[in-house]
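Summary of the model geometry
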Amino acid sequence: MLLSSLESFAMGKEDKKLKVAVIGCGSVSGSYIPKLLTSDVIEIVSLCDIKYDRALERNKTFNVNAKTYHNIDEMLKGEPFDMMITLTDMQVHEGLNRKAIMAGKHVWSEKPMANSYAAGKELLDLARSKKLRFWGAPAVVNSPQFEFMSKKLQSGELGRISSAHGQYGHTGPTWSAFFYEKGGGSMPDLGVYNMATLTGLLGPARSVMAMLSIVTPERTVDDKGKIKVEAEDNAHLLLEHDNNIISHVMCGFNFYDRFGHQAKDQKLHSIQIYGSEGNMRLIGYDWETNGVAIDSVKTNGEEQLLCTDKGGYEWREGAKVVGESMLKGIEPRINVEHALHVLEIIEAARNSQATGMRIKLQSKFPWPMV
């Protein structure tokens, strides 16, 4: 059904151009917009931000030549477009995505795609009822390193897999308060990457146990000054997968990292997978991959650094990839059910912290992904 919807969309595009509208012209748009502009088949026709000067600045800086709008209602009444790319504060993704889908637009949303799993599922059902596509970041499954690791796991070279670990953190963003307000937090901002990678490699999680905390109760941020932190800035999750595999994710806004948000040269590993005949580590972050290290029975215990070529992969490529897939009538590896599954994990972790209990999950996604 999904593939046929892509094929029908592709056949119906006479000019073979996907017209997109970007809503949210803050920091992340500075990475998304240049990437979108590299596509021969995607045209940015609208830029929108409630801080209107930011839309004007992006339009000028990147020479986009798009229409600019103060809010989504103006934008939906303005220049026609096919897909909206949501890059705003995470707490308002859900409402904006709903308006766009109701207006007949496809949507690529930065994480999270909604404020709860139930709301995300409702939006997906709404999109499908209108024969629209709805996708959610991140795009970590697109990297050559993810594909390499998935194939290694399926080959059996590492033996019986038992455990895995993911970690990602820094000292916290300073440019906006929304990261620390209710609905924000280190899980939807940081942990989401490791959750997507580990479930993508090991399969859907069946249950979650978690401990969350606020280590730094006050922060000073650029847009609001001193604020009270309301969302977790420190999180540890245990995920139960099929075949008795257990994985662990830790993330937070209190981790010293000399690379900060610029991880191109990061040599430490962020993902570790342990098997009875070998271990495998992702070098760098899953959103900024630098290779895969393996030591196994097959390598006589010697560490080998493999798959160091990024192959053009960039964390910001998700909207471009799915947009181009629509015009080609092909199904991308990025999968909305996977994004929803990660959203349910985040919600379950908060429920686990509140109740002290293991929380069972209901969502699944097509797996293996490679």
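Residues numbered from 1 in each chain as written. Predicted model: local features only at pLDDT ≥ 70, side-chain atom pairs only at ≥ 80, totals over all residues. Heavy atoms only, no water.

**Some points on the environment of Lys60**
How we decide: To qualify as a helix, a DSSP run of H or I must reach at least 4 residues; to qualify as a strand, a run of E must reach at least 2; elements of each kind are numbered from the N terminus. Each residue gets one of three labels from its accessible area relative to the maximum for its type: buried under 20%, exposed over 50%, partly exposed in between, using a 1.4 Å probe on protein chains only.
For Lys60, the location among the structural elements is in helix H3 (residues 52–61). Its relative accessible area of 73% is what places Lys60 among the exposed residues. Taking the C-alpha atoms as reference points, Lys60 and Gly312, 252 residues apart in sequence, are found 27 Å from one another.

**Some points on a nonpolar patch on the surface**
Let me state the cut-off plainly: Within this analysis, patches are made of residues with over 30% relative accessible area and no salt bridge. Like charges are joined at 9 Å or less; nonpolar side chains (Val, Leu, Ile, Met, Phe, Trp, Tyr) at 5 Å or less. Note on areas: Shrake-Rupley, 1.4 Å probe, and residue coverage restricted to the protein chains presented here. For this document, the term salt bridge refers to a Lys or Arg side-chain nitrogen within 4 Å of an Asp or Glu carboxyl oxygen.
A cluster of nonpolar side chains, contributed by Met209, Leu238 and Ile246, occupies part of the molecular surface with about 250 Å² of accessible area. By the element assignment, Ile246 lies in strand E12 (residues 246–252). What makes Ile246 partly exposed here is its relative accessible area of 45%.

**A word on the sheet that holds strand E6 (residues 134–136)**
Which entries qualify depends on this criterion: In this scheme, strands are said to pair when DSSP sees at least two bridges between them. Axis definition: a line fitted to C-alpha atoms, limited for helices to the stretch in contact. Angles are taken between N-to-C directions and run from 0 to 180 degrees. Whether two residues are in contact is decided by their heavy atoms: any pair within 4.5 Å suffices.
Here we have six strands laid out as an open sheet, ordered E3-E2-E1-E4-E5-E6, and parallel in their pairing. Across the chains shown, the open sheet's two edge strands, defined by having one partner strand only, are strand E3 (67–69) and E6. Going across the sheet, the axis of each strand differs from the next one's by a mean of 20°, ignoring polarity. Along the sheet, helix H2 (residues 29–37) contacts strand E1 (18–23), strand E2 (42–48), strand E4 (83–86) and strand E5 (106–109); its crossing angle with E2, the most-contacted strand, is approximately 150°.

**Here we look at the packing of aromatic side chains**
Our working definition: Only rings of Phe, Tyr and Trp enter the pairing, Trp through its six-membered ring, and a pair is recorded when the two centres are within 6.5 Å. The plane angle decides the type: under 30 degrees is stacked, over 60 is edge-to-face, the rest tilted.
As enumerated under the stated definition, the model contains eight aromatic pairs in all. Note on Phe178 and Phe179: the rings are 4.1 Å apart at their centroids and 25° apart in plane angle, and the pair reads as stacked. Here Phe178 and Phe179 have matching classes, each one buried. Ring centres 5.3 Å apart and planes at 70° place the aromatic pair Tyr180 and Phe253 in the edge-to-face group. One end of the pair, Tyr180, is in the loop between strand E7 (161–169) and helix H8 (186–202); the other, Phe253, is in the loop between E12 and strand E13 (269–275), with 73 residues separating them in the sequence. On the accessibility criterion, Phe253 (1% relative accessible area) is buried. In textbook terms, an aromatic cluster arises when at least three aromatic residues are bridged by ring pairs, as seen for Tyr168, Tyr193, Tyr285 and Trp287.

**With respect to the pairing of E7**
Pairing of E7 with E13, which is carried by five bridges, proceeds in the antiparallel orientation. Looking at the pairing, His165 lines up with Gln272 of E13. Across seven bridges, E7 lies against E12 in parallel orientation. Within E12, the position partnered with His165 by the bridge is His248.

**Side note on the side chain of Gln145**
Turning to its location among the elements, Gln145 is positioned in helix H7 (residues 144–155). For Gln145, a relative accessible area of 0% puts it in the buried group. Those residues in contact with Gln145 that lie beyond four places of it in its chain are Leu282, Thr289, Gly291, Val292, Cys307, Thr308, Asp309 and Lys310.

**Examining the side chain of Ser29**
Filter applied, for reference: For the purposes of these results, a polar contact is taken to be a pair of N or O atoms within 3.5 Å, where, inside protein, one atom must be able to donate a hydrogen and its partner to accept one; residues adjacent in sequence count only when each atom of the pair is a side-chain atom.
Relative to the elements of secondary structure, Ser29 occurs in helix H2. Looking at Ser29, the relative accessible area reads 0%, which means it is buried. In terms of polar contacts, Ser29 uses its side chain to reach the side chain of Arg58, at 2.9 Å. Discounting chain neighbours no more than four positions away, the residues touching Ser29 are Gly24, Pro34, Arg58 and Leu87.

**Quick notes on helix H9 (residues 318–328)**
Within an α-helix, residues lying three or four positions from one another point in the same direction, as the helix has 3.6 residues per turn. Taking burial as the measure, the 11 residues of H9 include nine buried ones, the bulk of the element. Along H9, the positions that sit buried rather than exposed are Gly318, Ala319, Lys320, Val322, Gly323, Glu324, Ser325, Met326 and Leu327. With its phi angle positive at about 70°, Gly329 sits one or two positions after the end of H9.

**Some words on the pairing of E1**
As a reminder of what qualifies: Here a crossover is taken to be right-handed if, once the strands point away from the viewer, the path from the first strand over the helix to the second is traced clockwise.
E1 sits mainly inside the fold: five of its six residues count as buried. Examined bridge by bridge, E1 and E2 share six bridges and lie parallel to one another. The residue bridging Lys19 from the neighbouring strand is Glu43, located in E2. Read from E1 through H2 to E2, the crossover connection turns out right-handed.

**Details of the pattern of salt bridges**
Enumeration according to the criterion identifies 25 salt bridges in this entry. Taking the shortest distance from any N to any O, the salt bridge between Arg350 and Glu232 comes out at 3.0 Å. Taken together, the residues Arg350 in helix H10 (residues 336–355) and Glu232 in the loop between strand E10 (225–228) and strand E11 (234–241) connect sequence positions 118 residues apart. Exposure remark for Arg350: the relative accessible area of 29% places this residue in the partly exposed category. With its nearest N and O atoms 3.9 Å apart, the salt bridge here joins Lys310 to Glu288. Linking Lys310 in the loop between strand E16 (304–306) and H9 with Glu288 in strand E15 (residues 288–296), this pair joins segments that are 22 residues apart in sequence. Via salt bridges that share partners, Lys35, Glu314 and Arg316 belong to a single interconnected network.

**Some details on unusual backbone geometry**
Keep in mind that most residues, glycine aside, have a negative phi and that most peptide bonds are trans. In this chain, Ala137 is followed by Pro138 through a cis amide linkage whose omega measures 10°. For Pro138, the position within the fold is in the loop between E6 and H7. The residue after Trp367, namely Pro368, is reached through a cis peptide bond having omega 0°. By secondary structure assignment, the location of Pro368 is in the segment after strand E17 (359–360). In this structure, Asn244 is a non-glycine residue whose phi angle is positive, near 65°.

Treat this as a map of the structure, not an account of what it does.
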